[in-house]
Amino acid sequence: MKKSVAISVVFSVVLLSGCGGESEAPAVRENPFFVEWTTPFGVPPFGDIQNEDFLPAFESAIAEERAEVEAIAANPDPPTFDNTLGALDATGALMSKVNGVFYTLVGAETNDDIQAIAKEVAPKTSNLRDDILMNPQLFARVKAVHEQRDELDLDAEQRHLLQETYLDFVSGGAELSAEDQARMREINTRLSTLGLTFGDNVLAETNRFQLFIEDEEDLAGLPPDVVEGAAIAAQKAGQEGKWLFTTHRPSIYPFLQNAENRELREQLFTAYITRGDHGDEYDNKAILSEILTLRAERAKLLGYPTHADFILERRMAKTPEAVYELLDDLWYPSLGVAREEAATLQAAIEEDGFDFKLEPWDWRYYAEKVRRARYDVDEQEIRPYFMIDNVIDGAFYVANRLYGIEFTERFDIPTYNPEVRTFEVTDADGSHLGVFMTDYYPRPGKRGGAWSRRIRGQWVEDGQQVRPIVLNVGNFSRPVGDAPALISLEEVHTLFHELGHGLQALLSDVRYRGSAGVTRDFVELPSQIMENWLLEPEVLAVYAKHCETGDVIPVELVAKIRAAEKFNQGFTSVEYLAACYLDMDWHTLEDPAGVDVTEFEKASMDKIGLIPEIVVRYRSPYFSHITGGYSAGYYSYIWSEVLDADAFQAFKETSLFDQETALAFRTNILETGGSEDPEELYLRFRGQPPSVEPLLQRKGFK
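The structure displayed is predicted, hence computed values, not measured ones. (Residues numbered from 1 in each chain as written. Predicted model: local features only at pLDDT ≥ 70, side-chain atom pairs only at ≥ 80, totals over all residues. Heavy atoms only, no water.)

Within the structure shown, the criterion is met by 54 salt bridges. Linking Lys124 and Glu120 is a salt bridge whose minimum nitrogen-to-oxygen distance equals 3.7 Å. With a gap of four residues between them, Lys124 and Glu120 both fall in helix 4 (residues 112-133), about one helical turn apart. Given the relative accessible area of 29%, Lys124 is considered partly exposed. Of the residues examined, Glu120 reaches a relative accessible area of 38% and is grouped as partly exposed. (Salt bridge = Lys/Arg side-chain N within 4 Å of Asp/Glu carboxyl O. Helix = DSSP H or I, 4+ residues; strand = E, 2+ residues; numbered from the N terminus. Buried < 20%, exposed > 50% of the residue type's maximum accessible area, 1.4 Å probe, protein only.)

Okay, here's the thing in structure tokens:
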């Protein structure tokens, strides 16, 4: 992606010399968003797109979509599903085209210009959405179709789209007074930029902390590849002869697990958990407070006591009480196990001849020591079997065995960064399913974590399938020197997990664009169930091969990994569940205005009895999930984990790659997207409601 200053000019001048040396007239450069893309499968021509193209494209997209919507609202014909709901679903083609490219870059390849454009565009697109949802003529048409829904000959997808669209209008303020609508517009506009600023600050904080080590003795305990990687990082930072560690996960986690220097562990850990909490230009506490306050006010405008009530009404959970009930069912067993683990780690400290109390920056270090001693499992012994290219092949193998699909790497498809790999995905009959892209290494312009997004979705247009372009992003361990990239077992889980999201997008088979969205607490089922296959012997034989010898991971080592699976589950569950409680506690506040962020967070954690040796997975100033799409929704992972543990039982009851079960999962879960009620879809697949028992057994709590 070419970097240039964001301006509204859409052309560039090219001077061409003729034979006589005279210059021809300036040639107009056409904005790539205004022409048809002739690339393979219509993938965005990333190399042709400049930052200066985005603002004009967004302006045109907003005008185009507004005109399309106004035409539907002004239609003199009586409202029908096709001329209202179907027509509305088909609007915004240019907007989808621009959004697909731009927000890919916002997450994975951002810079100052991109961030500035995002802040300029966000209020404009927010206003467009408000204009649509608060259009009285348009809502009258939608409402008229909704009121006669029982008399209409609609299929399941059409009924669901009608219901969800109607609810979108209601929750978007269509039934509010003019005064309340005006206030809701102000709230939405402000929220559109606050979330971006919060995320930009987290990225800036993650990038700016650097721990340079000068004394080689301070590297004691660190594996050779970690040391070499830190030396290369320091060299790139202009500090040759030193070693650089940062708060990016591939850097901090190996350090916390292996570094013997306790003072440096504390320094790096503290830098990680205080991101956005330094009282400077990147401090996020005031931003978070304003986000929470505005959300609470908006919920009240719409007739809900809290933001959580507003959000959850359209989720599987339905109510805050149901979420808290699930969290409580898991919290107390998890906390009991975590206390036992803490005692074990404290004993390990004393066995080492120390008398200090276990602290959060000690946990991963001593957990790794105990794991090695108890199960004879060493992360560095495992890692050579997980070359990232092989792991990708293993994940593709599972998808192939389950659904018959093939991934073929292509080298003629444009990408936004040379590190991005592209694959054409075909079905068992050879038909094209979509394009799959991977971007797996950390960069300064990429936000943390891992995610899957649709650069282009799937729908049917004029009777023809529009197939998706899907991107999976990670921040996995980079290759060191000439060696292949070796990733941790946790990163293997993440790669399989994100492919599950990708499969739902690639296998989508709906007619309407609006049917693609999956409710937040159902969307993690396809991703989390994929993790169940990664340690199966048949799958390991495909991808878990030693980077030097090519030998498949020994059965004895796999047995040790399996034996150690339940180890440290108390810590993992408590760290995660604490963040779920924090999210829910924030969003069940009726009036968050003026609440001290630090004090509230402490009170929230004290209320559930979080032990001091564990810090909540995401502290409020860098809890990006809840300032984005997971507000009152971070519980979704554990909600879906109940589903995935129960769903995998269906395979355990038959066979690992049972084709009848796989087909049922594909047709009822993956292909359907958000075209029907998720509870009905799950019942259709499983034949019974989900049980929490398989999850409790998996975690060793029963």
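This part takes up the pairing of strand 9 (residues 469-473). Residues in a regular strand point their side chains to alternate faces of the sheet. Counting buried residues along strand 9, five of its five residues qualify, which places the element largely inside the surrounding structure. Judged by which residues are buried, strand 9 turns out to be covered on both faces: Ile469, Leu471 and Val473 on one side and Val470 and Asn472 on the other are all buried. As paired elements, strand 5 (residues 432-439) and strand 9 share five bridges and run parallel to each other. Bridge pairing in strand 9 places Thr438 opposite Asn472. As judged from the five bridges shared by strand 6 (residues 451-456) and strand 9, these two strands associate in the antiparallel manner. Residue pairing in the sheet places Arg456 in a bridge with Ile469 of strand 9. (Pairing = 2+ DSSP bridges.)

So, about the nonpolar core. In summary, soluble globular proteins display a tendency toward joint burial of nonpolar side chains. By size, the foremost hydrophobic cluster in this structure holds 162 residues, and its most contacted members are Phe245, Phe386, Phe407, Phe496 and Tyr543. Top element by residues in this core is helix 13 (residues 320-351). It accounts for 12 residues. Those residues in contact with Phe496 that lie beyond four places of it in its chain are Val391, Gly394, Ala395, Val398, Ser527, Met530, Glu531, Leu534, Val539 and Tyr543. If you look at the next biggest cluster of nonpolar residues, it comprises 47 residues, including Leu94, Val98, Leu196 and Tyr416. (Core = buried A, V, L, I, M, F, W, Y, C linked by side-chain atoms within 4.5 Å. Contact = heavy atoms within 4.5 Å.)

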